[in-house]
Each structure stands twice: as structure tokens, then as C-alpha cells.
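# Topology and contacts: notes
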Amino acid sequence: MEPIIDHIHITINDLEKAEKYYDKLLPILGFDIKNKEKDEEPKYEYKIIEYHNKILSFGIVSPRKEFKDIKINRRRPGSLHHLAFRTKDKEEVDIIYEKIKNMDGEIVSSPKYYPEYCEDYYAFFFKDIENIEYEIVYFNRGKYFTE
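All values derive from a computational prediction rather than experimental measurement.

### A word on the sheet that holds strand β5 (residues 83-86)
Spatially, the four strands line up as an open sheet ordered β5-β8-β7-β6, and their pairing is mixed. Either end of the sheet is taken by a strand with one partner, and the two such strands are β5 and β6 (106-113). On average, each strand axis in the sheet is inclined to that of its neighbour by 15°, with strand direction left out of account. Both β5 and strand β8 (residues 133-138) contribute to a ladder of four bridges, which runs parallel. Paired with A84 across the bridge in β8 is E135.

Put into C-alpha cells, the structure is as follows:
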């Protein structure tokens, strides 16, 4: 098996507010908003907005009532620490940063090299409106593996 992620679903507190944010963010990351779909299953208190791309689907999901007021903490066991999207080159990291830096949310760090990860690791980190952390990164993964 080749380890390819097919879809990611993240639970969000305010689905309507998050939809507006992700409608802006995800096209920057290669998702076409025309491929967005919504679904719900009232029996399970479940609503989802899913954004599709030919290689990955990204969904935001409503919480159950009993979890609605729990604060997100990426260091809590079972939580998503952060999610990284890899670009085709270093310049694309900078282009995406320019598009995201004035959006709602928070820039954690502007684009820079992280030699502690590997010599050509170039990235920036940001948090969405719900404090979920994302990374936009470029490095030549292939040069660290031999066939």
C-alpha cells in the first residue's frame, strides 16, 4: 500500500462561521469551491461541509452538544497537533503566506527555514479561527530517501 490520505475531517465549534473561513482558505490550498458539498444526519447531531480535490477531501464537522464548549488544545491526547500542506517549491510557500496573512486567524510564524527539521525545510505556521494549527511547507522529501 502507498500511504495516501484520502480525507480529513475536523470537528469545529461554529460550522457556519468556519464555512466562511474555509471557503476563503481552501481555494488557496488547491480546492475548488465548486466541489464543496454539505450533508447532515440529525439522528447523530452530525453536519459536515466537505471540500473535494482530486487527491484529498477536507471536511469540517459539527460537534455534539456535550462537547460544544470544550476548548481546542493541540497538546491534548487524541487531538490534531497540526496539519501540514506541502507546496511544489519555496516560492509557493511565500505566495500562500501573502494570501493568508491578512485572513482571520493567527500567523504563528512567517516563512523561514527550519534547519532543525532538515536543511531545506521552509515553512510557515498559522492557526484558523478555532485555534487549529496548520503549516505550509516545502522541502525536497525525495532526497532523504534512497530507492
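Alright, that's what it looks like, and here's the rest.
### Section: the sheet that holds strand β3 (residues 46-52)
Here four strands make up an open sheet; going across it, the order is β1-β4-β3-β2 and the pairing mixed. Strands at the two margins of the open sheet, each flanked by one partner only, are β1 (7-11) and β2 (36-41). Neighbouring strand axes in the sheet, compared pairwise and without regard to direction, differ in orientation by 20° on average.

### Focus on helix α1 (residues 15-28)
In this model α1 runs 20 Å from its N-terminal to its C-terminal C-alpha over 14 residues, within 8% of the 20 Å that 1.5 Å per residue would give. The sharpest bend along α1 measures roughly 30° and falls at Y22. Within α1 the residues assigned to the buried category are L15, A18, E19, Y21, Y22, L25 and L26. Where the residues of α1 are buried, they touch β2, β3, β4 (57-61), α2 (90-100), β7 (122-127) and β8. Measuring from the backbone nitrogen of E16 back to the side-chain oxygen at the start of α1 gives 3.3 Å, which picks out D14 as the cap. Just past α1, the residue G30 takes up positive phi, approximately 100°.

Reading guide: rules and limits
Residues numbered from 1 in each chain as written. Predicted model: local features only at pLDDT ≥ 70, side-chain atom pairs only at ≥ 80, totals over all residues. Heavy atoms only, no water. Pairing = 2+ DSSP bridges. Helix = DSSP H or I, 4+ residues; strand = E, 2+ residues; numbered from the N terminus. Axes fitted to C-alpha atoms, helices over the stretch in contact; angles between N-to-C directions. Expected span 1.5 Å × (residues − 1). Bend = angle between axes of the 7 residues up to and from the residue. Buried < 20%, exposed > 50% of the residue type's maximum accessible area, 1.4 Å probe, protein only. Contact = heavy atoms within 4.5 Å. Polar contact = N/O pair within 3.5 Å; in protein donor to acceptor, adjacent residues only side chain to side chain.

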